[in-house]
Amino acid sequence: MEEFFFYVKMGLHHVLDLGAYDHILFLSALAVPFTFKNWKHVLLLATIFTVTHCTSLALSVYDVVTVDVGLIEFLIPVTILVTALFNFTYVFKEGVNVGELLHYVATGFFGLIHGFGFSNYFKMLMAEEEDKITPLLGFATGIELSQVTIILIVLAIAFVALDLLKVKRNIFIAAASILIAAITIPLLIATFPL
């Protein structure tokens, strides 16, 4: 049980680490268009992200898939930017309606990419472990708990902006998405494969 909680703690730190804020940016971009009324939808998106993130870790730990780390490091900010830009479909209601299924599929695909970004380090940690399932489950639990925390913070910010300060929803979504995109662009430039 001690090993499980070690990996829960690692999962929490992995997402909440301010030095590696890509998860925070991605989850913020994912949650920005929603309010507490949509909490089930946002939680489902976060859970899909967790499951696919841990799936890519498992594929790596069990040597099923090996990926180019440089490409993955570039794709991570791409996923954040695409998610922030996707939010504009919520700003312009007459815009393209891609539907929930595509949103779920895209979030799952982005979860795979983010998981592969951490997979080499996680694989190195797992090298000496005989039981790989307990660490994976502990890590997944830590990731999910930290993601729920971030999403609750973003939903609370949305509540303050929309319900207390009476900011128009489309302005809030657009401003938050532009801010996320602006923070992401330097990451994109820094990781661009030459």
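To be clear, the structure that these remarks concern was listed above.
Quick caveat: nothing in here was measured; it's all calculated off a predicted structure.

Undergrad: Could you give an account of the layout of surface pockets, with specific residues and numbers?
TA: By volume, the largest pocket is sized at about 350 Å³. Taken together, 18 residues make up the lining of the largest pocket; nearest its centre are H14, A20, D22, E73 and I76. At the level of secondary structure, the elements contributing two or more residues to the lining of the largest pocket comprise α1 (2-16), α2 (22-31), α4 (69-86), α6 (99-126) and α8 (169-191). Sorting elements by how many residues they give to the lining of the largest pocket places α6 first, with four residues. The residue makeup of the lining of the largest pocket, split by class, is eight nonpolar, seven polar and three charged.

Undergrad: For a nonpolar patch on the surface, give the residues involved together with the corresponding values.
TA: A surface patch of nonpolar side chains, about 710 Å² in accessible area, is lined by F36, L152, F159, V160, L164, L165, V167 and I171. A per-element tally of the nonpolar patch places helix α7 (residues 133-164) first, with four residues. Within the fold, L152 resides in helix α7. L152 sits in the partly exposed class, given a relative accessible area of 45%.

Undergrad: Can you lay out α8 for me, pointing to particular residues and giving the numbers?
TA: In an α-helix, one full turn covers 3.6 residues, which means residues spaced three or four apart are oriented alike. The end-to-end C-alpha distance of α8 is 33 Å, a good match for the 33 Å that 23 residues give at a rise of 1.5 Å each. Along α8, the sharpest kink reaches roughly 30 degrees, centred on T184 and followed within four residues by the proline P186. The complete set of buried residues in α8 reads F172, I173, A174, A176, S177, I180, A181, T184 and L188. For α8, the elements touching its buried residues are α2, α4, α5 (88-91) and α7.

Undergrad: Hey, could you go over the pattern of salt bridges for me, with residue numbers and the actual values?
TA: Using the criterion set out here, one finds one salt bridge in the structure. Here K123 and D63 are joined by a salt bridge, their closest N and O atoms 2.4 Å apart. One end of the pair, K123, is in helix α6; the other, D63, is in the loop between α3 (39-61) and α4, and 60 residues separate them in sequence.

Undergrad: So what about the packing of α2 against α4? Which residues, and what values?
TA: The contact between α2 and α4 brings their axes to 8 Å, and the two run at 20 degrees. Taken together, α2 and α4 sit at an angle that is classed as roughly parallel. By crossing handedness, the relation of α2 to α4 is classed as left-handed. Facing α2, whose interface residues are D22, L25, F26, A29 and L30, α4 presents I76, T79, I80, T83 and A84.

Thresholds, definitions, all that
Throughout this description, residue numbers start from 1 for each chain and increase along the sequence as written. Two thresholds apply to this predicted model, a pLDDT of at least 70 for residue-level local features and 80 or more for giving and counting side-chain atom pairs, whereas whole-chain, interface and lining totals are computed over all residues. For side-chain calculations, the full set of non-hydrogen atoms in the structure is used, while hydrogens and water are omitted. Think of a 1 Å grid over just the protein atoms. A cavity is a set of points where a 1.4 Å probe fits yet cannot get out, a pocket is an open set with protein on both sides within 12 Å along at least five of seven lines, and lining residues have an atom within 4 Å of a point. Grid points are joined across faces, edges and corners, and a volume is the space filled by probe spheres set on the points. Secondary structure counts use DSSP, requiring at least four H or I residues in a row for a helix and at least two E residues in a row for a strand, with both numbered from the N terminus. For this scheme, ten residues count as nonpolar: Ala, Val, Leu, Ile, Met, Phe, Trp, Tyr, Cys and Pro. Four count as charged, namely Asp, Glu, Lys and Arg, and the remainder, Gly too, count as polar. Patches here: salt-bridge-free residues with over 30% relative accessible area, like charges joined within 9 Å, nonpolar side chains (Val, Leu, Ile, Met, Phe, Trp, Tyr) joined within 5 Å. Surface accessibility follows the Shrake-Rupley procedure with a 1.4 Å probe radius. Residue values consider only the protein chains on display as shielding. A carboxyl oxygen of Asp or Glu within 4 Å of a side-chain nitrogen of Lys or Arg is what we treat as a salt bridge. When a residue's accessible area, from a 1.4 Å probe over protein chains only, is under 20% of the maximum for its type it is buried; when over 50% it is exposed; and in between it is partly exposed. Any helix carries an expected span of 1.5 Å times its number of residues minus one. The bend reported for a residue corresponds to the angle between axes fitted to the seven residues ending at that residue and the seven starting there. In what follows, residue pairs with any heavy atoms lying within 4.5 Å of each other are defined as contacts. Axis geometry follows a simple rule: fit a line to the C-alpha atoms, using only the stretch in contact for helices, then measure angles between N-to-C directions, giving values from 0 to 180 degrees. In these notes the angle categories are as follows: under 35 degrees is roughly parallel, over 145 is roughly antiparallel, 65 to 115 is roughly perpendicular, and the rest is oblique. The hand of a helix crossing depends on one turn: near helix anticlockwise from the far one by less than a right angle means left-handed, and clockwise means right-handed.

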